[in-house]
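Geometric and topological summary
Here is what each chain is made of, one letter per residue.
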Amino acid sequence: MNAGVRFTPPKRSSKPIAIVWVHGWGANFYSPSYVGIGRPLASRGFTTISVNTRMHDIGNVEKYSLVGKRVRGGGYWGVTSQDALDIAAWIDFAEHIGFSKVALVGHSAGWASVGRYRAETGDRRVAGLVLASGMIGPAQENDPELIAQARKLVADGAGEELLRLPHRSFPSFISAATYLDIENTPREYKDFFGITHTQIPAVMRVKCPMLAFFGTRDDIGGEKELDVLKSSLQRFSGSPKLETAMIVNGDHEYVGEEAQVAETIAHWLEAELLK
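Computed from a predicted model, the values in this text were never measured in an experiment.

How each quantity is defined
Residues numbered from 1 in each chain as written. Predicted model: local features only at pLDDT ≥ 70, side-chain atom pairs only at ≥ 80, totals over all residues. Heavy atoms only, no water. Helix = DSSP H or I, 4+ residues; strand = E, 2+ residues; numbered from the N terminus. Rg over C-alpha atoms; globule rule 2.2 N^0.38 Å. Buried < 20%, exposed > 50% of the residue type's maximum accessible area, 1.4 Å probe, protein only. Areas by Shrake-Rupley, 256 points an atom, 1.4 Å probe, with all protein chains shown as cover. Lys, Arg positive; Asp, Glu negative; His and termini not counted. Charge placed at Lys NZ, Arg CZ, Asp CG, Glu CD. Salt bridge = Lys/Arg side-chain N within 4 Å of Asp/Glu carboxyl O. 1 Å grid on protein atoms, 1.4 Å probe; cavity = no way out; pocket = protein on both sides within 12 Å on 5 of 7 lines; lining within 4 Å. Points joined across faces, edges and corners; volume = space filled by probe spheres on them. Nonpolar A, V, L, I, M, F, W, Y, C, P; charged D, E, K, R; others polar.

Counting its secondary structure elements, the chain contains nine helices and 11 strands. Over its C-alpha trace the chain gives a radius of gyration of 19 Å, about what one expects of a compact globule, namely 19 Å for 275 residues. By principal-axis analysis of the C-alpha atoms, the chain measures approximately 55 × 45 × 35 Å. Sorting the 275 residues of the chain into buried and exposed places 52% on the buried side. For the chain, the exposed surface amounts to about 13500 Å²; the carbon and sulfur share of it is 54%. Both charge centroids of the chain, one from 30 positive and one from 31 negative side chains, sit 5 Å from each other.

Here you go:
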């Protein structure tokens, strides 16, 4: 079971599209910045649902199996490729409360999940995608030695065992099953926008408008990355329509600039999906 929170506008001002906000690595639906974005979006008429997937927090217990074994999730133990099931369930929830269309937002690492979900499923209920400080370039290559360790542990039924990631400024870990799942991600999703190769990238299966933005202060990307994104999409005929923006003074979590993020998203929705 995964939890979430719904920010609901006054009925008289409610817009006919909901926003589903998917968290980044190690985060959860009630992160202060997510709350600070959801509230002003609701005040602008957009029902906003900030949600957990099985990847929330560093570690969690998603459920217990029929034999009483715990099923772990989170950044250390979650199987990323399976969180599409959670995203689909949240879109089902939005539909259940009266919304036939949603804008799907992926913050930070959450972007990889929502982008892959739309490209892989073709879910027409997703009328727009938002890349909120997500990775644009291709994923880094994994360590061959760690891949070998992960494969052996998973084969031995010890996929929950943790591997220590090398060359980090602080101790960093990931389970063997999670590491192997990341390694097995199809190349088209590791390089979603086709930055480093010319074959048709996964983004070409995204048949809806997109918005991408970063903060101007201490974020993982900026105007340079957005320019690379725009240039990459221009190489492909029929690529989805893209708008970009910068959140002035925003860091990776948009602390203190949550209202600006809400305004950016609301303006894009009104211009692209509600016109």
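All told, the structure shown has 11 salt bridges when counted by the stated rule. For Arg-116, the salt bridge goes to Glu-120, with nearest N and O atoms at 3.5 Å. In this pair, Arg-116 and Glu-120 are both assigned in helix α4 (residues 110-121), four residues apart and thus about one turn of the helix distant. Owing to a relative accessible area of 44%, Glu-120 belongs among the partly exposed residues under this scheme. A salt bridge links Glu-183 to Lys-190; the shortest N-O distance between them is 4.0 Å. With a relative accessible area of 24%, Lys-190 lands in the partly exposed category. Each of Asp-92, Glu-95, Asp-123 and Arg-125 takes part in a single network of salt bridges with overlapping partners.

Scanning all chains against the criterion turns up one cavity of 30 Å³ or more. In this structure, the largest cavity spans a volume of roughly 40 Å³. In terms of residues, the lining of the largest cavity owes the most to one element, α4, which gives four residues. When its residues are assigned to classes, the lining of the largest cavity shows two nonpolar, three polar and three charged.

A word on the environment of Ser-13. Examined against the element boundaries, Ser-13 turns out to sit in the loop between β1 (4-7) and β2 (18-22). Residue Ser-13 is classed as partly exposed on the basis of its relative accessible area, which comes to 28%. Placed 188 residues apart in sequence, Ser-13 and Pro-201 show a C-alpha to C-alpha distance of 39 Å.

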